[in-house]
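Analysis of the macromolecular model
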Amino acid sequence: MKKILLTATAFLMLFSCQNDQTESTAALTNATARRSCASQDVLAEQLKADPTLALRMNQIEAFTQKSMLTNRLVNGKVVIPVVVNVLYRTAAENISDAQIQSQIDVLNKDYTATNSDFSTTPAEFAGVAANIDITFELVKINRKSTTKTSWGTRDAMKKTKQGGLDPTTPTTTLNMWACTIGGGILGYAQFPGGTLATDGVVIDSNYFGLSSAASYPYNLGRTASHEVGHWMNLRHIWGDASCGDDLVSDTPVHKTSNFGVPVYPYVSTCLPAHNEMTMNYMDYTDDRGMYMFTNGQKARMTALFVSGGARAGFGI
Ligand SMILES: [Zn+2]
């Protein structure tokens, strides 16, 4: 119990001490040259606006830590129904059904370790590389024409009254929004514990699914694999701090976010000396540079879906 309380305290500190300046600066100065995900920035704003959110997230964290201790083996499968909400002004933003299905296919591969690059995981990390064993099923596509040129990261796309589309039954459905975000942001997710009215993930239309060469190096649908990771309670692998903690024990400590496709072994500057797991979906590398989750990340994710978990509505 003591360990759980300590972890909860550490969790609060994580969210009160972080500094997102680097990420935001990169986003503003360099449109898509470097990956930028706004999940942590959006969370920081939500924590400021709603004092009860930190409490809820700490309760989820305590439950997650307890569940990881007692329910190491989770039996049964989780199938996540997905509703995709497309907001478009241009023809390019009105992505096709096939494009949307290609994203669902990528998620299904990446979350069952059937992606073709999974086998390229370096031997050093192969022992912790996980099959998350969660699958996704496209149930509906909603489309809405709009005059907005970009939607930002303040959840307007999730609100019908603001010209967007309200989420469909978020207790039992993963809602995804495809729209132009702007500011160099590829996507963002809401962590478990946030209000249901804005639950889900947003992926910029340019990076939704297997996309054209114009979207390279984010053309393999991995932005959604990363964002759905956040939606399932995963932190960035560098813990959003220098040599920070991602609350997962089998991922190495990372100095900061990594970009491009680092060549293995990529030696960390965090001590003691070790290699960073730059190929983890929760880093910031190019789509072709990320292809695995770990068992520890799986334990965090699956803890959401057991009885009492923050996403128990999806059931196991
Ligand atoms: Zn992220």
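Residues numbered from 1 in each chain as written. Predicted model: local features only at pLDDT ≥ 70, side-chain atom pairs only at ≥ 80, totals over all residues. Heavy atoms only, no water.

The protein chain goes by Pregnancy-associated plasma protein-A in an unreviewed UniProt entry, where it is assigned to Flavobacterium urumqiense.

1. Quick word on the pairing of strand 4 (residues 174-179)
What counts is decided by this rule: Type-normalised accessible area, obtained with a 1.4 Å probe on protein chains alone, sets the label of each residue: buried when under 20%, exposed when over 50%, and partly exposed for intermediate values. Numbering of helices and strands runs from the N terminus, with a helix taken as a DSSP run of H or I at least four residues long and a strand as a DSSP run of E at least two residues long. Strands are labelled as partners when DSSP assigns at least two bridges between them.
Burial within strand 4 is extensive, with 6 of its 6 residues counted as buried. Side chains of strand 4 alternate between two faces, with L174, M176 and A178 and N175, W177 and C179 buried alike. Sheet topology note: the strand 1 (residues 78-88)/strand 4 ladder contains 5 bridges and is parallel. The residue of strand 4 that forms the bridge with V86 is A178.

2. Some details on the packing of aromatic side chains
What counts here: Aromatic contacts are taken between Phe, Tyr and Trp rings whose centres are within 6.5 Å, Trp giving its six-membered ring; a plane angle under 30 degrees counts as stacked, one over 60 as edge-to-face, and the others as tilted. Two conditions define a charge sitting above a ring: the NZ of Lys or the CZ of Arg must be within 6 Å of the ring centre, and it must be within 35 degrees of the ring normal.
Inspection of the entire model under this criterion finds 9 aromatic pairs. Between W238 and Y284, the ring centres sit 4.9 Å apart and the planes meet at 65°, which makes this aromatic pair edge-to-face. Here Y284 lies in the loop between helix 7 (222-231) and strand 7 (293-294) and W238 lies in the loop between helix 7 and strand 7, a separation of 46 residues in the sequence. The pair formed by W238 and Y284 is uniform in burial state, with each residue classed as buried. Each ring, one from F305 and one from F314, has its centre 6.0 Å from the other, and the planes form 90°; the classification is edge-to-face. Residue F305 is classed as buried on the basis of its relative accessible area of 2%. Put simply, the rings of Y111, F136, Y281 and F293 pair up and form one aromatic cluster. Over the aromatic face of F259 sits the side chain of R34, whose NZ or CZ is 3.7 Å from the ring centroid. Sitting over the face of the ring of W231, R311 holds its NZ or CZ atom 3.9 Å from the ring centroid.

3. What to know about the side chain of T294
Let me state the cut-off plainly: Pairs of N or O atoms are called polar contacts if they sit within 3.5 Å, as long as, within protein, a hydrogen donor faces a hydrogen acceptor (for residues adjacent in sequence, only side-chain-to-side-chain pairs). Pairs of residues are marked as contacts when any of their non-hydrogen atoms sit within 4.5 Å.
Inspection of the secondary structure assignment puts T294 in strand 7. Within polar-contact distance, the side chain of T294 engages the side chain of D250 at 2.7 Å. Setting aside its immediate chain neighbours within four residues, T294 contacts V128, A130, I132, V248, D250, T251, M277 and N280.

4. Here's the deal with the nonpolar core
Our working rule: Within this scheme, the nonpolar core is defined by two criteria: the residues are buried Ala, Val, Leu, Ile, Met, Phe, Trp, Tyr or Cys, and they are joined through side-chain atoms within 4.5 Å.
Ranked by size, the top nonpolar core spans 45 residues in total, and within it I80, F136, M176, W231 and M232 carry the most contacts. The biggest single contributor to this core is strand 1, with 5 residues.

5. Description of the sheet that holds strand 6 (residues 201-204)
The condition is simple: Axis definition: a line fitted to C-alpha atoms, over the contacting stretch in the case of helices. Angles run 0 to 180 degrees between N-to-C directions.
Strand order in the open sheet formed by 5 strands is 3-1-4-6-5, with mixed pairing between adjacent strands. At either margin of the open sheet sits one strand with a lone partner, and together these are strand 3 (134-145) and strand 5 (187-189). Neighbour-to-neighbour, the strand axes of this sheet turn through a mean angle of 20°, independent of strand direction. In the packing of helix 5 (residues 97-110) onto the sheet, contacts are made with strand 1, strand 3 and strand 4, and the angle to strand 3 comes to roughly 155°.

6. Considerations on the coordination of the zinc ion
Stated formally: Atoms are scored as donors when they are N, O or S and lie within 2.8 Å of the metal, with 3.2 Å used for Na, K and Ca; no water is included, so coordination may look incomplete. Just to be clear on the cut-offs, tetrahedral is four donors with all angles between 85 and 135 degrees, square planar is four donors and octahedral six with opposite donors over 155 degrees apart and all others between 65 and 115, and anything else goes down as irregular.
Protein coordination at the zinc ion comes from C37 (SG), H226 (NE2), H230 (NE2) and H236 (NE2), with a distance range of 2.0 to 2.2 Å. Viewed at the metal, the 4 donor atoms of the zinc ion are separated by angles of 98 to 119°, and the geometry they form is tetrahedral. Sequence positions of the donors to the zinc ion reduce to the motif C-x188-H-x3-H-x5-H. Note that H226 and H230 are positioned in helix 7 at a spacing of 4 residues, about one turn of the helix. Accessibility expressed as a relative area gives 0% for H230, which makes it buried.

7. Quick word on the environment of L47
For L47, the position within the fold is in helix 3 (residues 39-49). As for L47 and M57, which are separated by 10 residues in sequence, their C-alpha atoms are 9.9 Å apart.

8. Brief notes about the environment of F208
Mapped onto the elements, F208 comes out in the loop between strand 6 and helix 7. Since its relative accessible area comes to 0%, F208 is described here as buried. Between the C-alpha atoms of F208 and Q101, which are 107 residues apart in sequence, the distance is 9.9 Å. Those residues within four positions of F208 in sequence are excluded, and the remaining contacts are V84, I95, Q99, I100, Q103, M176, W177, A178 and I203.

9. Topic: the side chain of N280
With respect to the helices and strands, N280 occurs in the loop between helix 7 and strand 7. Owing to a relative accessible area of 0%, N280 belongs among the buried residues under this scheme. Separated by 2.9 Å, the side chain of N280 and the backbone nitrogen of M282 make a polar contact. Setting aside its immediate chain neighbours within four residues, N280 contacts I237, T251, M290, M292, F293, T294 and Q297.

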